[in-house]
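One letter stands for each residue in the lines below.
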Amino acid sequence: MLRSTRTTGRRGALLGASAAVVCVTLTACGGGSDGYAAVGPPRPSATASGPTGGVTLVPLDVPKSPDVSGTSGTETGTAPGPASTPPAPATSPAADAKSGRSSAYAPSPAPTTAPTTTPATPAALTWGTPVRRATAHRWCEDVILTFRNSGGTAVRSGTVTFGTHIIDALGIDWATIDSTERLPVPIAAGARKDHTWTVCVDAWRVPLGMHIETRDVSAEWL
């Protein structure tokens, strides 16, 4: 930046003109970057040559995107649309049968639960009070029993034991004689069965005026 000092008179005018010449000279020598001022015509350069003839404008090449359809980028035409997903190949019923697949939706079967079986309970035999009937002999009588099987298994074999008491005319119990008979098998589970036995003791055990009474009953079964 040049500082200027005001000078009056003719001397001041001469100094001002000299400073202007110096400023023009410095500018012509490349002191400024925004432009230049030439004093007189410029010297022709030995290496530089100016353009001759007319000016031709050449457009710049614009890069082209690759063509997904397989054609070169220089070809013109309608741009291909977005690629579509090819449909899944159809399978024939024979192929499905061979591979074990089903083309139709088949729901999986519901799991089945094996039925639980309750084990059968063993036979349980009960009976009532024996019913007695007199016979032609005082040492024998008919005994009727009713059996019930409340178990879950049939009675297939067993025995019943009777206890026969010998009673005199005054009602005194002199003795008890046991006798064993077979059960009326089979007796099914939940079934009821009646049976009659003729129970006897030795004749000499029951003298005249005495009689027998079968009161006691026990049983064993399988």
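Just so you know, these numbers come straight off a predicted model, no measurement behind them.

## So, the pairing of strand 2 (residues 131-134)
- Note that strand 2 and strand 3 (residues 140-149) share four bridges and pair antiparallel. Bridged to Arg-132 within strand 3 is Val-143.
- Where strand 2 folds back onto strand 3 in an antiparallel hairpin, the turn is made up of five residues.

## What about the state of the cysteines?
- Applying the stated criterion across every chain yields a total of one disulfide.
- Covalent S-S linkage joins Cys-140 and Cys-200, the inter-sulfur distance amounting to 2.0 Å. Here the S-S torsion is close to 120°, and the disulfide linking Cys-140 with Cys-200 is therefore right-handed. Of this pair, Cys-140 sits in strand 3 while Cys-200 sits in strand 6 (residues 192-200), and the two are 60 residues apart along the sequence.
- Taking the relative accessible area as the measure of exposure, Cys-140 reaches 10% and is therefore buried.

Definitions and limits used
Residues numbered from 1 in each chain as written. Predicted model: local features only at pLDDT ≥ 70, side-chain atom pairs only at ≥ 80, totals over all residues. Heavy atoms only, no water. Pairing = 2+ DSSP bridges. Helix = DSSP H or I, 4+ residues; strand = E, 2+ residues; numbered from the N terminus. Disulfide = S-S within 2.5 Å. Buried < 20%, exposed > 50% of the residue type's maximum accessible area, 1.4 Å probe, protein only.

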